Amino acid sequence: MSDNKQKLSDLNVIVAGQGGDGSLTVVNVLADILRGAGLRVYTERDVLSRIKGGITAATLRAYDGERLCISSDIDLFVAFDQAAIGKYAFRLNERSTVIYDSSNGEISSDNLLPENVRLIGVPLSRYAVKHFRRDIYKNSISFAVIGRLIGLKDDDMKRSFEKRFGRRGAQALKYNLDALEVGCALADESGLEVGKGRFEIESSDSEPHMLITGNEAVAFGFAVSGGRLFAGYPITPSTDVMEWLVKWLPKFGGVVKQAEDELSAINMAIGSALTGTRTMTATCGPGIALMQEGIGQLGMAEIGVVIVDAQRSGPSTGMPTKPEQSDINLLCYGGAGDFPRVVLAPGTPEECFFLAVDANNLAEKYQLPVFMCLDQGLSQNTATINPIDLNKVEIYRGDRLDEKQLASQDVYKRYNFTESGASNFAPPGTPGGMGLVTGNEHDEFGLVSTDPVNRNKMVEKRAKKMVSMIPELPRAISHGVETADIGFIGVGMCYGVILEAMDLLAEKGIHAQYHQVRTLWPMLDETPAFTARCKNIFVVEYNATGQLAKLIIAHGGEESNISSILRYDGIPMQAKDLVSQVMTKLNLKEDEVA
Amino acid sequence: MTKTFTPARPIWCAGCGDFGVLQALVGAMEELNIPPHERFVTAGIGCSGSLQNNLSCYGYHTLHGRVLPTVTGAKLANPELTVVGVGGDGDGYAIGGGHLMHAFKRNPGITYIVMNNGTYGLTKGQASPTAPTGYQDNVEEDLDPVMLGLSIPGSTFIARAYSGQPAQLLRLTKAALEHTAAGGGMSYLEVLSPCVTYNDTYRDWRTSVYDVDEEEGYEPTNRAMAFTRMQELREDGRLPLGLIYTGERPSLESLSLNMDFVAPALQDITKPDLSGVCNDALQSFIK
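Chemist: Is there a simple way to explain the overall build of chain A in this structure?
Modeler: For chain A, the count of helices and strands is 19 helices and 24 strands. For a compact globule of 594 residues, the expected C-alpha radius of gyration is about 25 Å, and chain A comes in at 26 Å, within 12% of that figure. Judged by the C-alpha coordinates and their principal axes, chain A covers about 85 × 60 × 40 Å. For chain A, the residues scored as buried account for 55% of the 594 residues in total. Restricting the contact set of chain A to residue pairs at least 6 apart, pairs at least 24 apart contribute 74%.

Now the structure itself:
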């Protein structure tokens, strides 16, 4: 081994090609090996709303520490299709290496690519067809070349193939292992012999980590917190929530029902919640729009359901596979009439899990809609996290009456007036009880009423919940330097980018505080207070109108201290971009500071 | 005994067909000894949508048109309840029409009673999906929900009654509840229930109804025969009543729920099985 080899501490790889080329498989297997080598991994996908074809990419970061975003510096770009090179060239720099399929001819360093990019042409497709009569094996062939380049051991590659393809039967495993071997021979021909890799990568028996997406973590949190019925309608990028629950919820004693549309999904959820069952649905903007009447019903009729919004680019059908955070207004303000609601915004998969637990507790105790505000990036990107400590899960159900408790009361009113605004609840089936639930204005018994005195009391009762729940709402987390006069606010997939940008700024001697708000509605005093203290706050969001910034300002945030950094082109931000935008806004030149 | 709500007096016009439906539903549930706390009665929007207020039960007033998804969710969550959905023809066939075919197809263990009067009474008499051509300014052909139900292979119980014939109405309501209680899945009962104010059809319907229960040779287990007879009677300008079709298919909940557990609504969820299934799920992410 040569002495100049670096220990691998940060590796960023893009694998791109036509949809169906197997880019995602390459990234997943690579993630698995690097995870085994003790690194944290984060993967992202850039796909189109079609089953096959079109240029798609999967991106991986392996990092010695926690990073929930892809770096601005791409080390390796693998292109199964030369068309992909043009699409992603802008992400490369002079230190990047490009492995491309040269089956249709070599490319010269075309002017799209930065100068000095190392180009390695390998006839992947030609060899796949030659050896296996099927183009599909080109990704396994490419894997050997990638592995050799970065310094994976042949044995480690083989083992991870056994793990990955073993489940698909002996035949599939054999062909893929053969393809790996063909790839190793090709690597030898391309000057990438064993031991010539760029990094030194040792597999280690490090602490086990979970590899999980935000959607999976929300689904898992729902199940552990006692969620027992999920009703949903498939819609990208929320569908993985349902997919995970289809597999797991029955093992928890629960049930998943795929509805005919979102109107049905939210109303199935209502029917389930009415029986005293913890219930959730998941969708994204268009689905929230369709569910809106049902969400108002949850508020008015006082029914607790958790609604996951995996936000995607809007408006309307928008860009279904691309990230955005443009439903914030819809979640906080959407619907006819005044009704209480909660909007929680996790930043990491671990928070997706624990906020899902909180969301279910709040929904049941306060009997109202609780939104989980995610975005395509947080929902679908995979990240390694420390194993979730399940002992931290606490479940509370509010004033739920069983037969005995009901019998000890002189009177049972479904909508009794209380200090907190939340009423007692005897689930249907509870002997000795009867009760009425309705979305019409009603008296304490649930009988329809338009009496003005009762009306005022009922409106106030529902509104009171928004105050009484405050002690239980997830607080913002502060990262960085608490006295800094540069601040960041951002939710969901902004989390990882903001933290990395803060590290890059710190290297320049610029210190910042990240106020990671986790309850968007009701907006807690902590956030306007932060905007009053910190003089240069950047609210980073994926939408065109600064919805989060405006929400904060509407709640007393100090407008003169806030500026927005917005992105709505469907492409995830990178830390360096964010840093340069911040520098520009601060009127600082990159070379003016340390 | 704990005091709860006192069932309200119906808000319907004197002579409304819905009185007959209420009476039959209460009578059938009493005859079948279904105690009030086991009744989960859900009503849609419209005049019929207040029925749950008028009997002893756990009642729910849905959004307009959403009776069927609501009762499907409720039944999956707690199959031990007697789950009854009621509504009008506007609620069930217009704004909620899309859900009807999926409910037939799914066959959840619920009873669905539609009070069909061919008009939107609560909004003063607009044509509903079952209004005949020529009613108000209706140029469309009327919808035949019974034939719709028959056309969906998953349907297991289809009946029609007339609030002007209370004995048959009671019998069919009971039969519907029994079909569902026996695990047969969804029972669908349409009740011709005239609106005396905007579409008083008592006189017409008295003469045009036709009872297949009384027809010799009619086999309600024969879907093709049922469909053919419905079409013939329609062409003759008749309104078929009776048990029109009954078939066998397992209920949705029997096919969907994990029977190793009690109903989802009845599980004690406050102490999750951390070392069992929770840990299995966690380990699946570690691999």
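Chemist: Sorry, what's going on with the overall build of chain B here?
Modeler: Of the regular secondary structure elements, chain B holds ten helices and ten strands. Whereas a compact globule of 287 residues would reach a radius of gyration of roughly 19 Å, chain B reaches 20 Å, a difference of no more than 12%. Counting only C-alpha atoms, chain B reaches 70 × 45 × 35 Å along its principal axes. A burial count over chain B gives 52% of its 287 residues as buried. Summarising the internal contacts of chain B: among those between residues at least 6 apart in sequence, 73% fall at separations of at least 24.

Chemist: Teacher, can you tell me more about the confidence of the model for chain B here?
Modeler: Overall, the predicted model of chain B reaches an average pLDDT of 97, with 100% of residues at or above 70. Confidence metrics for the complex model read pTM 0.96 and ipTM 0.98.

Chemist: Looking at this model, I keep getting lost on the sheet that holds strand β9 (residues 210–213) of chain A. Mind explaining?
Modeler: Sheet strands line up and pair through hydrogen bonds in the backbone, either parallel or antiparallel. Residue and element names in this part refer to chain A. Strand order in the open sheet formed by eight strands is β7-β6-β5-β2-β4-β3-β17-β9, and the pairing between neighbours is mixed. Here the strands that pair on one side only, and so sit at the sheet edges, are β7 (118–122) and β9. Geometrically, the sheet is characterised by an average inter-axis angle of 15 degrees between neighbouring strands, direction not taken into account. Judged from the four bridges that link them, β9 and strand β17 (residues 382–385) form a sheet pairing that is antiparallel. Among the inter-strand pairings, Met-210 is bridged to a residue of β17, identified as Ile-385.

Chemist: Quick question: what am I supposed to make of the packing of helix α7 (residues 214–224) of chain A against helix α12 (residues 349–366) of chain A here?
Modeler: The relative placement of two packed helices is expressed as an angle between their axes plus a distance between the axes. Residue and element names in this part refer to chain A. At a minimum axis distance of 7 Å, the contact between α7 and α12 shows a crossing angle of 35 degrees. The element α7 and its partner α12 pack so that their crossing is right-handed. Together, Gly-214, Ala-217, Val-218, Phe-220, Gly-221, Phe-222 and Val-224 of α7 and Pro-349, Glu-350, Cys-352, Phe-353, Phe-354, Ala-356, Val-357 and Asn-360 of α12 make up the contact between the two elements. Each residue belonging to the contact of α7 with α12 can be placed in one class, and the counts come to eleven nonpolar, three polar and one charged.

Chemist: I tried to follow the packing of helix α9 (residues 262–274) of chain A against helix α2 (residues 67–77) of chain B on my own but got confused; where do I start?
Modeler: Following both chains from N to C, one finds α9(A) and α2(B) inclined at 45 degrees, their axes separated by 6 Å at the closest point. In terms of orientation, α9(A) lies oblique with respect to α2(B). Relative to α2(B), α9(A) is oriented so that their crossing is right-handed. Together, A:Ser264, A:Asn267, A:Met268, A:Ala269, A:Ile270, A:Gly271, A:Ser272 and A:Leu274 of α9(A) and B:Pro69, B:Thr70, B:Val71, B:Thr72, B:Gly73, B:Ala74, B:Leu76 and B:Ala77 of α2(B) make up the contact between the two elements. The residue makeup of the contact of α9(A) with α2(B), split by class, is nine nonpolar, seven polar and no charged.

Chemist: Is there a simple way to think about the domain arrangement of chain A in this case?
Modeler: A common measure of how large an interface is: the accessible area buried when the components associate. Residues and elements named next belong to chain A. You can read the domains of chain A as domain 1 (6–200), domain 2 (211–392), domain 3 (399–474) and domain 4 (477–592). Taking the mean C-alpha position of each, domain 1 and domain 4 sit 34 Å from one another. Taken together, the seven residues of domain 1 in the interface contact nine residues of domain 4.

Chemist: What exactly am I supposed to notice about the environment of A:Thr483 here?
Modeler: Its place among the elements puts A:Thr483 in the loop between β19 (477–480) and β20 (486–489). Here the alpha-carbon distance between A:Thr483 and A:Gln513, two residues 30 residues apart in the chain, equals 7.5 Å.

Chemist: How should the interface of chain B and chain A be read in this particular structure?
Modeler: On the chain A side, the residues contacting the 52 residues of chain B number 67 residues. Where the side of chain B that touches chain A is concerned, the elements lending two or more residues are β2 (58–61), α2, α4 (97–106) and α10 (277–286) of chain B. The element that contributes the greatest number of residues to the side of chain B that touches chain A is α2(B), accounting for eight residues. Of the residues contributing to the side of chain B that touches chain A, the split by class is 28 nonpolar, 20 polar and four charged. Here strand β18 (residues 435–438) of chain A pairs with β2(B) via four bridges, running parallel.

Chemist: How do you make sense of the pairing of strand β5 (residues 76–79) of chain A when you look at a structure like this?
Modeler: On a regular strand, each side chain points to the face opposite its neighbour's, so the side chains alternate between the two faces of the sheet. All names here are of chain A. Side chains of β5 alternate between two faces, with Leu-76 and Val-78 and Phe-77 and Ala-79 buried alike. As judged from the four bridges shared by strand β2 (residues 10–18) and β5, these two strands associate in the parallel manner. The residue bridging Val-13 from the neighbouring strand is Leu-76, located in β5. Where the polypeptide runs from β5 across helix α2 (residues 82–88) and back to strand β6 (residues 97–101), its parallel neighbour, the crossover connection is right-handed.

Chemist: What is the right way to look at the sheet that holds strand β1 (residues 39–43) of chain B in this model?
Modeler: Pairing is mixed across the open sheet formed by nine strands, whose spatial order is β18(A)-β2(B)-β1(B)-β3(B)-β4(B)-β8(B)-β7(B)-β10(B)-β9(B). Strands at the two margins of the open sheet, each flanked by one partner only, are β18 of chain A together with β9 (209–211) of chain B. Here the strands of the sheet are splayed against their neighbours by 20 degrees on average, with no regard to which way each runs. With four bridges joining them, strand β7 (residues 157–162) of chain B and strand β10 (residues 239–246) of chain B adopt antiparallel strand pairing.

Chemist: I keep staring at the environment of A:Thr56 and nothing clicks. Help me out?
Modeler: Residues and elements named next belong to chain A. Within the secondary structure, Thr-56 sits in strand β4 (residues 55–63). Between the C-alpha atoms of Thr-56 and Ser-580, which are 524 residues apart in sequence, the distance is 27 Å. The residues contacting Thr-56, other than those within four sequence positions of it, are Ala-16, Gly-19, Ser-23, Asp-46, Val-47 and Leu-48.

Chemist: Before we go on, may I ask you to explain α2(B) in this structure?
Modeler: Residues lying three or four places apart along an α-helix face the same way, a consequence of the helix completing one turn every 3.6 residues. When you tally the buried positions in α2(B), you get eleven out of eleven residues, the bulk of the element. Among the residues making up α2(B), those that are buried are B:Val67, B:Leu68, B:Pro69, B:Thr70, B:Val71, B:Thr72, B:Gly73, B:Ala74, B:Lys75, B:Leu76 and B:Ala77.

Rules behind the numbers
Residues numbered from 1 in each chain as written. Chains lettered and ligands numbered in written order. Predicted model: local features only at pLDDT ≥ 70, side-chain atom pairs only at ≥ 80, totals over all residues. Helix = DSSP H or I, 4+ residues; strand = E, 2+ residues; numbered from the N terminus. Rg over C-alpha atoms; globule rule 2.2 N^0.38 Å. Buried ≥ 20, exposed ≤ 12 C-beta atoms within 10 Å, placed from the backbone. Contact = placed C-beta atoms within 7 Å. pLDDT = per-residue confidence, 0-100. Pairing = 2+ DSSP bridges. Axes fitted to C-alpha atoms, helices over the stretch in contact; angles between N-to-C directions. Left-handed = near helix turned anticlockwise from the far one by under 90°. Nonpolar A, V, L, I, M, F, W, Y, C, P; charged D, E, K, R; others polar. Parallel < 35°, antiparallel > 145°, perpendicular 65-115°, else oblique. Domains from an automatic or database assignment. Right-handed = clockwise from strand over helix to strand, strands pointing away.

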